[in-house]
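An overview of the molecular structure
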Amino acid sequence: MTTNNIVLPDLLRSLSPVELITRMREKTTGSRDRWPLSCAIVLATTLVFIAFLAKLISATKKRRSGREGSSGRGGYGYKLPPGSTGWPLVGDTFAWFGAVASSHPPRFVEQQVKRYGKIFSCRLLGKPAVVSADPAFNRFVMQNEGKLFQSSYPKSFRDLVGKNGVITTQGEQQRKLHSIASNMMRLEKLKCHFLEDIQLVMLQSICEFPDNQVIVLQDVCRKVAINLMVNQLLGMSSESDIDAMARLFSDFVDGCLSLPINLPGFAYHTAMKARNHIVSKINETIAKNRRLQDSGEVGNGVLGRLLDEESLPDEAVADFIINLIFAGNETTAKTMLFAIYFLTQCPRALKELREEQEGLKRHNAAEAEMLTWQDYKAMPFTQCVIDETLRLGGIAIWLMREAKEDVAYQDYIIPKGCFVVPFLSAVHLDEDLYPEALDFNPWRWLNPENQEKRNWRNSPFYAPFGGGARFCPGAEVARLQIALFLHYFVTNYRWTQLKEDRMSFFPSARLVNGFQVRLNRRKSTLIDSPK
(Lines give C-alpha, C1' and ligand atoms only; values in the text may rest on other atoms or scores of the structure.)
Protein backbone atom coordinates (compact mmCIF):
# COMPACT_ATOMS: atom_id res chain seq x y z
CA MET A 1 0.00 0.00 0.00
CA THR A 2 1.33 3.45 -0.95
CA THR A 3 0.64 6.67 0.87
CA ASN A 4 0.46 8.93 -2.18
CA ASN A 5 -3.36 9.01 -2.38
CA ILE A 6 -4.16 8.67 1.34
CA VAL A 7 -5.34 11.83 3.09
CA LEU A 8 -3.91 12.69 6.52
CA PRO A 9 -6.81 11.43 8.73
CA ASP A 10 -6.83 8.05 6.92
CA LEU A 11 -3.07 7.80 7.32
CA LEU A 12 -3.31 8.55 11.02
CA ARG A 13 -5.93 5.84 11.48
CA SER A 14 -4.18 3.18 9.40
CA LEU A 15 -0.66 3.43 10.79
CA SER A 16 0.80 3.43 14.27
CA PRO A 17 3.14 6.36 15.14
CA VAL A 18 6.23 4.10 14.75
CA GLU A 19 5.08 2.81 11.35
CA LEU A 20 4.24 6.32 10.25
CA ILE A 21 7.66 7.68 11.18
CA THR A 22 9.38 4.76 9.48
CA ARG A 23 7.32 5.26 6.30
CA MET A 24 8.07 9.00 6.25
CA ARG A 25 11.77 8.43 6.77
CA GLU A 26 11.82 6.04 3.83
CA LYS A 27 9.90 8.44 1.59
CA THR A 28 12.08 11.39 2.55
CA THR A 29 15.58 9.91 2.38
CA GLY A 30 15.28 6.35 1.05
CA SER A 31 17.05 5.07 4.11
CA ARG A 32 15.98 4.34 7.68
CA ASP A 33 19.30 5.48 9.06
CA ARG A 34 19.81 8.94 7.57
CA TRP A 35 16.80 10.79 9.01
CA PRO A 36 17.78 12.45 12.33
CA LEU A 37 16.00 11.20 15.42
CA SER A 38 15.17 14.78 16.48
CA CYS A 39 13.21 15.32 13.25
CA ALA A 40 11.27 12.13 13.90
CA ILE A 41 10.33 13.29 17.38
CA VAL A 42 9.21 16.73 16.13
CA LEU A 43 7.11 15.19 13.37
CA ALA A 44 5.52 12.66 15.72
CA THR A 45 4.64 15.39 18.22
CA THR A 46 3.18 17.58 15.46
CA LEU A 47 1.08 14.76 14.04
CA VAL A 48 -0.25 13.79 17.45
CA PHE A 49 -1.24 17.42 18.08
CA ILE A 50 -2.96 17.64 14.68
CA ALA A 51 -4.83 14.43 15.42
CA PHE A 52 -5.93 15.80 18.80
CA LEU A 53 -7.03 19.07 17.23
CA ALA A 54 -8.98 17.27 14.49
CA LYS A 55 -10.74 15.17 17.12
CA LEU A 56 -11.52 18.24 19.22
CA ILE A 57 -12.98 20.14 16.26
CA SER A 58 -15.06 17.11 15.33
CA ALA A 59 -16.39 16.82 18.88
CA THR A 60 -17.20 20.53 18.93
CA LYS A 61 -19.17 20.26 15.69
CA LYS A 62 -21.11 17.30 17.07
CA ARG A 63 -21.88 19.21 20.25
CA ARG A 64 -23.11 22.20 18.25
CA SER A 65 -25.26 20.04 16.01
CA GLY A 66 -26.59 18.34 19.12
CA ARG A 67 -27.48 21.72 20.52
CA GLU A 68 -29.35 22.70 17.36
CA GLY A 69 -31.17 19.38 17.38
CA SER A 70 -32.26 19.62 21.00
CA SER A 71 -33.93 23.07 20.91
CA GLY A 72 -31.29 24.93 22.88
CA ARG A 73 -30.33 22.19 25.32
CA GLY A 74 -26.68 22.94 24.61
CA GLY A 75 -25.43 19.37 24.85
CA TYR A 76 -25.66 19.52 28.64
CA GLY A 77 -29.10 17.93 28.96
CA TYR A 78 -30.67 21.27 29.94
CA LYS A 79 -32.56 23.89 28.02
CA LEU A 80 -30.07 26.75 28.30
CA PRO A 81 -30.70 30.18 26.81
CA PRO A 82 -29.65 30.39 23.13
CA GLY A 83 -26.01 31.07 22.38
CA SER A 84 -22.77 29.56 21.09
CA THR A 85 -19.77 27.73 22.51
CA GLY A 86 -17.14 29.89 20.78
CA TRP A 87 -13.69 28.46 20.07
CA PRO A 88 -12.56 25.00 21.21
CA LEU A 89 -11.25 24.93 24.79
CA VAL A 90 -11.24 28.71 25.33
CA GLY A 91 -14.85 29.32 24.29
CA ASP A 92 -15.58 33.06 24.26
CA THR A 93 -12.98 33.94 26.91
CA PHE A 94 -10.69 35.97 24.62
CA ALA A 95 -13.55 37.96 23.07
CA TRP A 96 -14.97 38.56 26.55
CA PHE A 97 -11.78 39.91 28.11
CA GLY A 98 -10.90 41.82 24.95
CA ALA A 99 -14.14 43.77 25.35
CA VAL A 100 -13.74 44.23 29.10
CA ALA A 101 -10.22 45.63 28.60
CA SER A 102 -11.55 48.25 26.18
CA SER A 103 -13.23 51.57 26.92
CA HIS A 104 -16.62 49.96 26.19
CA PRO A 105 -16.85 46.77 28.30
CA PRO A 106 -20.31 45.59 27.11
CA ARG A 107 -19.19 45.34 23.47
CA PHE A 108 -19.14 41.52 23.37
CA VAL A 109 -22.39 41.29 25.35
CA GLU A 110 -24.14 43.74 23.02
CA GLN A 111 -23.09 41.69 19.98
CA GLN A 112 -24.49 38.51 21.51
CA VAL A 113 -27.69 40.25 22.63
CA LYS A 114 -28.38 41.24 19.01
CA ARG A 115 -28.06 37.59 17.97
CA TYR A 116 -29.63 35.72 20.88
CA GLY A 117 -31.50 38.13 23.17
CA LYS A 118 -30.74 39.71 26.54
CA ILE A 119 -30.07 36.37 28.24
CA PHE A 120 -27.68 34.13 26.32
CA SER A 121 -25.25 31.22 26.74
CA CYS A 122 -21.53 31.11 26.02
CA ARG A 123 -18.39 29.49 27.44
CA LEU A 124 -16.04 31.37 29.76
CA LEU A 125 -12.87 30.01 31.33
CA GLY A 126 -13.71 26.53 30.05
CA LYS A 127 -17.19 26.37 31.63
CA PRO A 128 -20.73 27.00 30.36
CA ALA A 129 -22.00 30.45 31.31
CA VAL A 130 -25.32 32.27 31.19
CA VAL A 131 -24.81 36.00 30.66
CA SER A 132 -27.52 38.59 31.21
CA ALA A 133 -28.16 42.14 30.07
CA ASP A 134 -31.73 41.78 31.35
CA PRO A 135 -32.52 43.97 34.42
CA ALA A 136 -35.17 41.59 35.79
CA PHE A 137 -32.93 38.52 35.59
CA ASN A 138 -29.98 40.43 37.07
CA ARG A 139 -32.14 41.39 40.03
CA PHE A 140 -33.36 37.78 40.34
CA VAL A 141 -29.75 36.57 40.58
CA MET A 142 -28.71 39.22 43.12
CA GLN A 143 -31.81 38.70 45.28
CA ASN A 144 -31.19 34.95 45.38
CA GLU A 145 -27.56 35.19 46.50
CA GLY A 146 -26.89 32.38 48.96
CA LYS A 147 -30.08 30.56 47.98
CA LEU A 148 -29.89 29.65 44.28
CA PHE A 149 -26.58 31.32 43.45
CA GLN A 150 -23.24 31.97 45.11
CA SER A 151 -20.29 34.19 44.28
CA SER A 152 -17.61 32.63 42.11
CA TYR A 153 -14.17 34.17 41.68
CA PRO A 154 -10.89 33.06 40.07
CA LYS A 155 -8.33 31.40 42.34
CA SER A 156 -6.00 34.41 42.21
CA PHE A 157 -8.78 36.68 43.46
CA ARG A 158 -9.81 34.31 46.27
CA ASP A 159 -6.22 33.88 47.42
CA LEU A 160 -5.58 37.60 47.54
CA VAL A 161 -8.72 38.92 49.21
CA GLY A 162 -8.64 36.02 51.70
CA LYS A 163 -10.97 33.20 52.66
CA ASN A 164 -12.41 35.08 55.65
CA GLY A 165 -13.40 38.29 53.86
CA VAL A 166 -16.92 39.54 53.24
CA ILE A 167 -16.35 39.33 49.45
CA THR A 168 -15.54 35.62 49.22
CA THR A 169 -17.25 33.93 52.19
CA GLN A 170 -20.58 32.18 51.72
CA GLY A 171 -23.71 31.51 53.74
CA GLU A 172 -24.05 32.46 57.39
CA GLN A 173 -20.45 33.72 57.70
CA GLN A 174 -20.99 36.10 54.78
CA ARG A 175 -24.19 37.44 56.32
CA LYS A 176 -22.43 37.96 59.66
CA LEU A 177 -19.50 39.86 58.12
CA HIS A 178 -21.80 41.91 55.89
CA SER A 179 -23.84 42.88 58.94
CA ILE A 180 -20.68 43.92 60.82
CA ALA A 181 -19.52 46.06 57.88
CA SER A 182 -22.94 47.67 57.49
CA ASN A 183 -23.07 48.41 61.21
CA MET A 184 -19.64 50.05 61.12
CA MET A 185 -20.83 52.42 58.37
CA ARG A 186 -24.30 53.36 59.60
CA LEU A 187 -25.61 56.83 58.80
CA GLU A 188 -25.09 58.07 62.34
CA LYS A 189 -21.42 57.02 62.19
CA LEU A 190 -20.97 58.84 58.88
CA LYS A 191 -22.02 62.06 60.61
CA CYS A 192 -20.06 61.46 63.81
CA HIS A 193 -16.88 59.68 62.71
CA PHE A 194 -16.37 60.09 58.97
CA LEU A 195 -17.45 63.57 57.83
CA GLU A 196 -14.71 65.54 59.57
CA ASP A 197 -12.03 62.85 59.10
CA ILE A 198 -12.62 62.75 55.34
CA GLN A 199 -12.28 66.52 55.05
CA LEU A 200 -9.05 66.55 57.05
CA VAL A 201 -7.61 63.97 54.64
CA MET A 202 -8.74 66.07 51.65
CA LEU A 203 -7.15 69.21 53.07
CA GLN A 204 -3.86 67.37 53.60
CA SER A 205 -3.89 65.41 50.33
CA ILE A 206 -5.20 67.61 47.54
CA CYS A 207 -5.30 71.23 48.71
CA GLU A 208 -1.57 71.95 48.86
CA PHE A 209 -0.42 71.54 45.25
CA PRO A 210 1.49 74.65 44.06
CA ASP A 211 0.35 76.68 41.08
CA ASN A 212 1.30 75.19 37.70
CA GLN A 213 1.92 71.72 39.21
CA VAL A 214 1.72 68.74 36.80
CA ILE A 215 0.15 65.65 38.34
CA VAL A 216 -1.03 62.22 37.26
CA LEU A 217 -4.52 62.37 38.72
CA GLN A 218 -4.93 58.59 38.81
CA ASP A 219 -2.00 58.30 41.23
CA VAL A 220 -3.30 61.18 43.33
CA CYS A 221 -6.79 59.65 43.59
CA ARG A 222 -5.34 56.25 44.51
CA LYS A 223 -3.29 57.82 47.30
CA VAL A 224 -6.26 59.87 48.54
CA ALA A 225 -8.49 56.77 48.63
CA ILE A 226 -5.88 54.69 50.45
CA ASN A 227 -5.36 57.56 52.88
CA LEU A 228 -9.10 57.66 53.54
CA MET A 229 -9.42 53.91 54.01
CA VAL A 230 -6.40 53.29 56.24
CA ASN A 231 -7.23 56.39 58.26
CA GLN A 232 -10.84 55.38 58.84
CA LEU A 233 -10.27 51.62 59.15
CA LEU A 234 -6.89 51.37 60.86
CA GLY A 235 -6.40 54.81 62.38
CA MET A 236 -3.15 55.31 60.39
CA SER A 237 -2.24 58.88 59.49
CA SER A 238 1.54 59.10 58.88
CA GLU A 239 2.48 59.86 55.29
CA SER A 240 5.10 57.09 55.18
CA ASP A 241 2.52 54.46 56.20
CA ILE A 242 0.04 55.76 53.65
CA ASP A 243 2.63 55.83 50.83
CA ALA A 244 3.66 52.26 51.67
CA MET A 245 0.04 51.01 51.68
CA ALA A 246 -0.67 52.79 48.37
CA ARG A 247 2.26 51.00 46.70
CA LEU A 248 1.29 47.64 48.20
CA PHE A 249 -2.34 47.91 47.14
CA SER A 250 -1.35 48.91 43.61
CA ASP A 251 0.55 45.60 43.29
CA PHE A 252 -2.27 43.77 45.10
CA VAL A 253 -4.98 44.94 42.69
CA ASP A 254 -2.92 44.14 39.58
CA GLY A 255 -2.74 40.49 40.65
CA CYS A 256 -6.41 39.94 41.43
CA LEU A 257 -7.32 38.63 37.96
CA SER A 258 -3.90 37.27 36.99
CA LEU A 259 -2.78 33.72 36.32
CA PRO A 260 -2.15 32.09 39.73
CA ILE A 261 1.54 31.37 39.07
CA ASN A 262 3.55 32.00 42.23
CA LEU A 263 6.93 32.56 40.60
CA PRO A 264 9.05 35.74 40.42
CA GLY A 265 8.10 37.93 37.49
CA PHE A 266 4.39 37.04 37.57
CA ALA A 267 1.76 39.52 38.77
CA TYR A 268 0.26 36.92 41.14
CA HIS A 269 3.61 36.43 42.89
CA THR A 270 4.10 40.19 43.31
CA ALA A 271 0.52 40.57 44.57
CA MET A 272 0.87 37.75 47.12
CA LYS A 273 4.05 39.37 48.47
CA ALA A 274 2.14 42.65 48.75
CA ARG A 275 -0.69 40.87 50.57
CA ASN A 276 1.75 39.41 53.10
CA HIS A 277 3.13 42.89 53.83
CA ILE A 278 -0.40 44.31 54.18
CA VAL A 279 -1.41 41.53 56.57
CA SER A 280 1.74 42.16 58.60
CA LYS A 281 0.87 45.87 58.94
CA ILE A 282 -2.73 45.05 59.91
CA ASN A 283 -1.53 42.52 62.50
CA GLU A 284 0.79 45.14 64.03
CA THR A 285 -2.20 47.48 64.36
CA ILE A 286 -4.33 44.67 65.82
CA ALA A 287 -1.66 43.97 68.46
CA LYS A 288 -1.50 47.67 69.30
CA ASN A 289 -5.28 47.83 69.71
CA ARG A 290 -5.29 44.66 71.84
CA ARG A 291 -2.86 46.35 74.21
CA LEU A 292 -5.14 49.38 74.41
CA GLN A 293 -8.06 47.07 75.18
CA ASP A 294 -6.12 45.53 78.04
CA SER A 295 -5.71 48.98 79.53
CA GLY A 296 -9.42 49.76 79.15
CA GLU A 297 -9.15 52.01 76.06
CA VAL A 298 -10.65 51.70 72.57
CA GLY A 299 -8.34 52.05 69.58
CA ASN A 300 -8.80 54.51 66.71
CA GLY A 301 -10.70 53.77 63.53
CA VAL A 302 -13.12 51.02 62.54
CA LEU A 303 -10.58 48.38 63.57
CA GLY A 304 -10.53 49.63 67.15
CA ARG A 305 -14.33 49.51 67.34
CA LEU A 306 -14.38 46.14 65.56
CA LEU A 307 -12.07 44.55 68.12
CA ASP A 308 -14.02 46.15 70.94
CA GLU A 309 -17.49 45.19 69.73
CA GLU A 310 -17.06 41.92 67.79
CA SER A 311 -15.48 38.56 68.54
CA LEU A 312 -13.48 37.59 65.46
CA PRO A 313 -10.12 35.78 65.33
CA ASP A 314 -7.21 37.95 64.21
CA GLU A 315 -6.89 36.11 60.87
CA ALA A 316 -10.54 36.87 60.06
CA VAL A 317 -10.08 40.50 61.15
CA ALA A 318 -7.11 40.90 58.77
CA ASP A 319 -9.07 39.47 55.81
CA PHE A 320 -12.09 41.61 56.74
CA ILE A 321 -10.02 44.81 56.73
CA ILE A 322 -8.29 43.86 53.44
CA ASN A 323 -11.70 43.34 51.83
CA LEU A 324 -12.95 46.73 52.98
CA ILE A 325 -9.78 48.55 51.88
CA PHE A 326 -9.80 46.78 48.51
CA ALA A 327 -13.49 47.46 47.79
CA GLY A 328 -13.40 51.01 49.12
CA ASN A 329 -10.17 51.92 47.36
CA GLU A 330 -11.36 50.63 43.98
CA THR A 331 -14.78 52.29 44.14
CA THR A 332 -13.69 55.62 45.60
CA ALA A 333 -10.41 56.20 43.74
CA LYS A 334 -11.72 55.28 40.30
CA THR A 335 -14.99 57.20 40.65
CA MET A 336 -13.11 60.33 41.77
CA LEU A 337 -10.84 59.96 38.74
CA PHE A 338 -13.61 59.24 36.23
CA ALA A 339 -15.73 62.13 37.54
CA ILE A 340 -12.94 64.63 36.82
CA TYR A 341 -12.30 62.93 33.45
CA PHE A 342 -15.95 63.30 32.40
CA LEU A 343 -16.25 66.84 33.78
CA THR A 344 -13.18 67.86 31.75
CA GLN A 345 -15.01 66.73 28.62
CA CYS A 346 -18.19 68.57 29.63
CA PRO A 347 -17.36 72.20 30.59
CA ARG A 348 -21.04 73.03 31.13
CA ALA A 349 -21.37 70.35 33.81
CA LEU A 350 -18.10 71.44 35.42
CA LYS A 351 -19.32 75.06 35.55
CA GLU A 352 -22.61 74.07 37.23
CA LEU A 353 -20.87 71.78 39.71
CA ARG A 354 -18.33 74.47 40.63
CA GLU A 355 -21.07 77.06 41.14
CA GLU A 356 -22.90 74.69 43.49
CA GLN A 357 -19.75 73.98 45.49
CA GLU A 358 -18.66 77.64 45.58
CA GLY A 359 -22.05 78.49 47.06
CA LEU A 360 -21.39 76.08 49.93
CA LYS A 361 -17.88 77.48 50.37
CA ARG A 362 -19.17 81.07 50.62
CA HIS A 363 -21.80 79.91 53.09
CA ASN A 364 -19.04 78.67 55.43
CA ALA A 365 -16.42 81.34 54.66
CA ALA A 366 -17.24 83.64 57.57
CA GLU A 367 -16.15 81.13 60.19
CA ALA A 368 -13.85 79.09 57.91
CA GLU A 369 -15.79 75.98 58.85
CA MET A 370 -15.61 72.64 57.15
CA LEU A 371 -18.70 71.40 55.37
CA THR A 372 -21.51 70.10 57.54
CA TRP A 373 -23.88 67.19 56.99
CA GLN A 374 -26.52 69.75 55.91
CA ASP A 375 -24.07 71.05 53.29
CA TYR A 376 -23.54 67.52 52.00
CA LYS A 377 -27.28 67.02 51.65
CA ALA A 378 -27.49 70.33 49.73
CA MET A 379 -25.51 69.12 46.69
CA PRO A 380 -28.22 68.02 44.23
CA PHE A 381 -26.18 68.54 41.06
CA THR A 382 -23.06 66.98 42.59
CA GLN A 383 -25.12 63.87 43.32
CA CYS A 384 -26.23 63.84 39.67
CA VAL A 385 -22.57 63.97 38.58
CA ILE A 386 -21.73 61.05 40.89
CA ASP A 387 -24.68 58.99 39.60
CA GLU A 388 -23.79 59.67 35.97
CA THR A 389 -20.12 58.81 36.60
CA LEU A 390 -21.14 55.51 38.22
CA ARG A 391 -23.49 54.75 35.31
CA LEU A 392 -20.85 55.36 32.64
CA GLY A 393 -17.75 54.24 34.53
CA GLY A 394 -19.03 52.04 37.33
CA ILE A 395 -16.46 49.74 38.89
CA ALA A 396 -18.75 46.70 39.36
CA ILE A 397 -19.45 46.30 35.65
CA TRP A 398 -20.23 42.57 35.90
CA LEU A 399 -20.76 40.01 38.64
CA MET A 400 -19.58 36.40 38.61
CA ARG A 401 -21.99 33.93 40.19
CA GLU A 402 -22.45 30.18 40.07
CA ALA A 403 -25.67 28.17 40.26
CA LYS A 404 -25.85 26.20 43.54
CA GLU A 405 -28.49 23.89 42.10
CA ASP A 406 -30.50 23.50 38.91
CA VAL A 407 -32.34 26.81 38.54
CA ALA A 408 -35.54 27.29 36.53
CA TYR A 409 -36.08 30.73 35.02
CA GLN A 410 -38.74 31.37 32.40
CA ASP A 411 -38.42 28.46 29.92
CA TYR A 412 -34.79 27.73 30.78
CA ILE A 413 -33.01 25.42 33.19
CA ILE A 414 -29.61 26.66 34.39
CA PRO A 415 -27.61 23.62 35.57
CA LYS A 416 -25.81 23.42 38.89
CA GLY A 417 -22.23 24.69 38.59
CA CYS A 418 -22.93 26.88 35.56
CA PHE A 419 -21.47 30.41 35.62
CA VAL A 420 -24.15 33.11 35.79
CA VAL A 421 -22.99 36.62 34.89
CA PRO A 422 -25.25 39.66 35.42
CA PHE A 423 -23.57 42.27 33.21
CA LEU A 424 -24.59 45.46 34.99
CA SER A 425 -22.80 47.81 32.60
CA ALA A 426 -24.82 46.50 29.65
CA VAL A 427 -27.97 47.66 31.47
CA HIS A 428 -26.45 51.02 32.43
CA LEU A 429 -25.49 51.67 28.79
CA ASP A 430 -28.74 50.41 27.23
CA GLU A 431 -30.07 53.02 24.76
CA ASP A 432 -33.64 51.86 25.41
CA LEU A 433 -33.27 52.76 29.08
CA TYR A 434 -30.96 55.76 28.78
CA PRO A 435 -31.23 57.72 25.49
CA GLU A 436 -27.77 58.74 24.21
CA ALA A 437 -26.40 56.34 26.81
CA LEU A 438 -22.73 56.92 25.94
CA ASP A 439 -22.96 60.67 26.60
CA PHE A 440 -22.06 62.14 29.98
CA ASN A 441 -25.31 63.86 30.90
CA PRO A 442 -25.79 64.48 34.66
CA TRP A 443 -29.01 66.38 33.97
CA ARG A 444 -30.74 63.11 32.98
CA TRP A 445 -31.05 62.35 36.69
CA LEU A 446 -33.15 65.48 37.23
CA ASN A 447 -35.78 64.10 34.87
CA PRO A 448 -38.78 62.84 36.94
CA GLU A 449 -39.01 59.80 34.63
CA ASN A 450 -35.60 58.63 35.90
CA GLN A 451 -36.27 58.99 39.62
CA GLU A 452 -37.41 55.38 40.01
CA LYS A 453 -34.34 54.14 38.10
CA ARG A 454 -32.13 56.31 40.29
CA ASN A 455 -32.86 54.34 43.48
CA TRP A 456 -29.45 52.65 43.49
CA ARG A 457 -30.32 50.52 46.53
CA ASN A 458 -33.18 48.66 44.82
CA SER A 459 -33.46 49.60 41.15
CA PRO A 460 -32.90 46.78 38.61
CA PHE A 461 -31.98 49.46 36.04
CA TYR A 462 -29.17 51.09 38.03
CA ALA A 463 -27.05 48.96 40.35
CA PRO A 464 -23.56 50.50 40.70
CA PHE A 465 -23.16 48.96 44.17
CA GLY A 466 -24.59 45.53 43.36
CA GLY A 467 -27.63 44.26 45.21
CA GLY A 468 -29.16 41.64 47.45
CA ALA A 469 -27.10 40.06 50.22
CA ARG A 470 -23.88 41.40 48.67
CA PHE A 471 -24.97 45.02 48.29
CA CYS A 472 -21.92 47.18 49.02
CA PRO A 473 -22.06 48.06 52.75
CA GLY A 474 -19.84 51.11 52.17
CA ALA A 475 -21.95 52.69 49.42
CA GLU A 476 -22.93 55.75 51.47
CA VAL A 477 -19.35 56.27 52.69
CA ALA A 478 -18.07 56.08 49.10
CA ARG A 479 -20.57 58.68 47.87
CA LEU A 480 -19.65 60.99 50.77
CA GLN A 481 -15.94 60.65 50.00
CA ILE A 482 -16.46 61.34 46.28
CA ALA A 483 -18.65 64.39 46.92
CA LEU A 484 -16.13 65.91 49.33
CA PHE A 485 -13.26 65.21 46.93
CA LEU A 486 -15.14 67.04 44.16
CA HIS A 487 -15.82 69.97 46.49
CA TYR A 488 -12.19 70.51 47.44
CA PHE A 489 -10.76 69.80 44.00
CA VAL A 490 -13.00 72.01 41.85
CA THR A 491 -13.01 74.93 44.32
CA ASN A 492 -9.22 74.96 44.62
CA TYR A 493 -8.07 74.30 41.05
CA ARG A 494 -8.56 74.75 37.37
CA TRP A 495 -6.70 72.25 35.21
CA THR A 496 -5.59 71.51 31.67
CA GLN A 497 -5.41 67.97 30.31
CA LEU A 498 -1.94 67.31 28.86
CA LYS A 499 -2.37 63.92 27.20
CA GLU A 500 -5.22 62.09 25.49
CA ASP A 501 -6.70 59.33 27.57
CA ARG A 502 -9.35 56.60 27.59
CA MET A 503 -10.92 54.18 30.05
CA SER A 504 -10.04 50.51 30.41
CA PHE A 505 -11.54 48.00 32.84
CA PHE A 506 -9.03 45.14 32.90
CA PRO A 507 -7.29 44.04 35.05
CA SER A 508 -8.93 46.90 36.96
CA ALA A 509 -10.74 50.13 36.05
CA ARG A 510 -8.32 52.88 35.06
CA LEU A 511 -7.39 55.55 32.54
CA VAL A 512 -4.64 54.09 30.39
CA ASN A 513 -2.40 57.20 30.61
CA GLY A 514 -3.31 58.06 34.19
CA PHE A 515 -4.92 61.41 33.24
CA GLN A 516 -2.02 63.83 33.32
CA VAL A 517 -3.08 67.43 34.06
CA ARG A 518 -1.52 70.80 34.84
CA LEU A 519 -3.09 72.44 37.90
CA ASN A 520 -3.63 76.17 38.35
CA ARG A 521 -4.77 77.40 41.71
CA ARG A 522 -7.94 79.46 41.50
CA LYS A 523 -7.46 83.12 42.44
CA SER A 524 -9.98 82.97 45.26
CA THR A 525 -7.79 80.39 47.00
CA LEU A 526 -4.69 82.61 46.78
CA ILE A 527 -6.13 85.52 48.81
CA ASP A 528 -4.64 85.67 52.25
CA SER A 529 -7.06 85.23 55.09
CA PRO A 530 -7.60 88.29 57.35
CA LYS A 531 -4.96 88.76 60.06
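Residues numbered from 1 in each chain as written. Predicted model: local features only at pLDDT ≥ 70, side-chain atom pairs only at ≥ 80, totals over all residues. Heavy atoms only, no water.

Under an unreviewed UniProt entry, the name given to the protein is Abietadienol/abietadienal oxidase-like, and the source organism is Rhodamnia argentea. For the record of the protein, the UniProt heading Subcellular location (unreviewed entry) holds the text "Membrane". (UniProt positions renumbered as here; feature names shortened; annotations may be inferred.)

Take the overall build of the protein next. If you tally the helices and strands in the protein, you get 19 helices and 12 strands. Here the protein holds 531 residues, and the buried ones make up 51% of them. Carbon and sulfur atoms make up 53% of the accessible area of the protein, which amounts to about 25100 Å² in all. (Helix = DSSP H or I, 4+ residues; strand = E, 2+ residues; numbered from the N terminus. Buried < 20%, exposed > 50% of the residue type's maximum accessible area, 1.4 Å probe, protein only. Areas by Shrake-Rupley, 256 points an atom, 1.4 Å probe, with all protein chains shown as cover.)

On to the pairing of strand S1 (residues 119–124), then. Counted residue by residue, S1 has six buried out of six residues, so it is predominantly covered. Taking every second residue as pointing to the same face, both faces of S1 are buried, with Ile119, Ser121 and Arg123 on one and Phe120, Cys122 and Leu124 on the other. Both S1 and strand S2 (residues 127–132) contribute to a ladder of six bridges, which runs antiparallel. By the bridge assignment for S2, Ile119 is matched with Ser132. Hairpin connection of S1 to S2: two residues between the antiparallel strands, including Leu125 at a positive phi of 55 degrees. (Pairing = 2+ DSSP bridges.)

With that settled, consider helix H14 (residues 314–345). Counted at 1.5 Å a residue, the expected span for H14 with its 32 residues is 46 Å, and the 46 Å between its end C-alpha atoms agrees. Judged by how many residues are buried, H14 sits mostly within the fold: 27 of 32 residues are covered. (Expected span 1.5 Å × (residues − 1).)

Taken together, Glu431, Asp432, Glu436 and Asp439 make up a surface patch of like negative charges. On the secondary structure map, Glu431 appears in the loop between helix H18 (424–428) and helix H19 (475–492). Taking relative accessible area as the criterion, Glu431 reaches 45% and is therefore assigned partly exposed. (Patch = residues over 30% accessible without salt bridge, like charges linked within 9 Å, V, L, I, M, F, W, Y side chains within 5 Å. Salt bridge = Lys/Arg side-chain N within 4 Å of Asp/Glu carboxyl O. Lys, Arg positive; Asp, Glu negative; His and termini not counted. Charge placed at Lys NZ, Arg CZ, Asp CG, Glu CD.)

Attention now moves to the packing of aromatic side chains. Tallied over the full model, the rule gives 30 aromatic pairs. Measuring from ring centre to ring centre gives 5.7 Å for Tyr341 and Phe515, while their planes differ by 85 degrees; the resulting arrangement is edge-to-face. Here Tyr341, found in helix H14, pairs with Phe515, found in the loop between strand S11 (510–511) and strand S12 (516–521); they are 174 residues apart in sequence, far enough to count as distant. For the pair Tyr341 and Phe515, one class covers both residues: buried. Considering the side-chain rings of Phe489 and Trp495, the 5.1 Å spacing of their centres and the 50 degrees angle between planes classify their relative orientation as tilted. By relative accessible area, which is 0% here, Phe489 ends up buried. (Phe/Tyr/Trp six-rings, centres within 6.5 Å; stacked < 30°, edge-to-face > 60°.)

With that settled, consider the packing of helix H11 (residues 239–254) against helix H12 (residues 267–294). Two elements in contact, H11 and H12, have axes separated by 7 Å at closest approach and are oriented at 140 degrees. Comparing the axis directions of H11 and H12 gives the class oblique. The handedness of the crossing between H11 and H12 comes out as left-handed. Judged by residue contacts, Ala244, Met245, Leu248, Phe249, Asp251, Phe252 and Asp254 of H11 engage Ala267, Thr270, Ala271, Ala274, Arg275, His277, Ile278 and Lys281 from H12. Taken together, the residues of the contact of H11 with H12 sort by class into nine nonpolar, two polar and four charged. (Axes fitted to C-alpha atoms, helices over the stretch in contact; angles between N-to-C directions. Parallel < 35°, antiparallel > 145°, perpendicular 65-115°, else oblique. Left-handed = near helix turned anticlockwise from the far one by under 90°. Contact = heavy atoms within 4.5 Å. Nonpolar A, V, L, I, M, F, W, Y, C, P; charged D, E, K, R; others polar.)

Within the structure shown, the criterion is met by 19 salt bridges. Between Asp430 and Lys118 there is a salt bridge whose closest N-O contact spans 2.9 Å. One end of the pair, Asp430, is in the loop between H18 and H19; the other, Lys118, is in the loop between helix H5 (107–116) and S1, and 312 residues separate them in sequence. Here Asp387 and Arg479 are joined by a salt bridge, their closest N and O atoms 2.9 Å apart.

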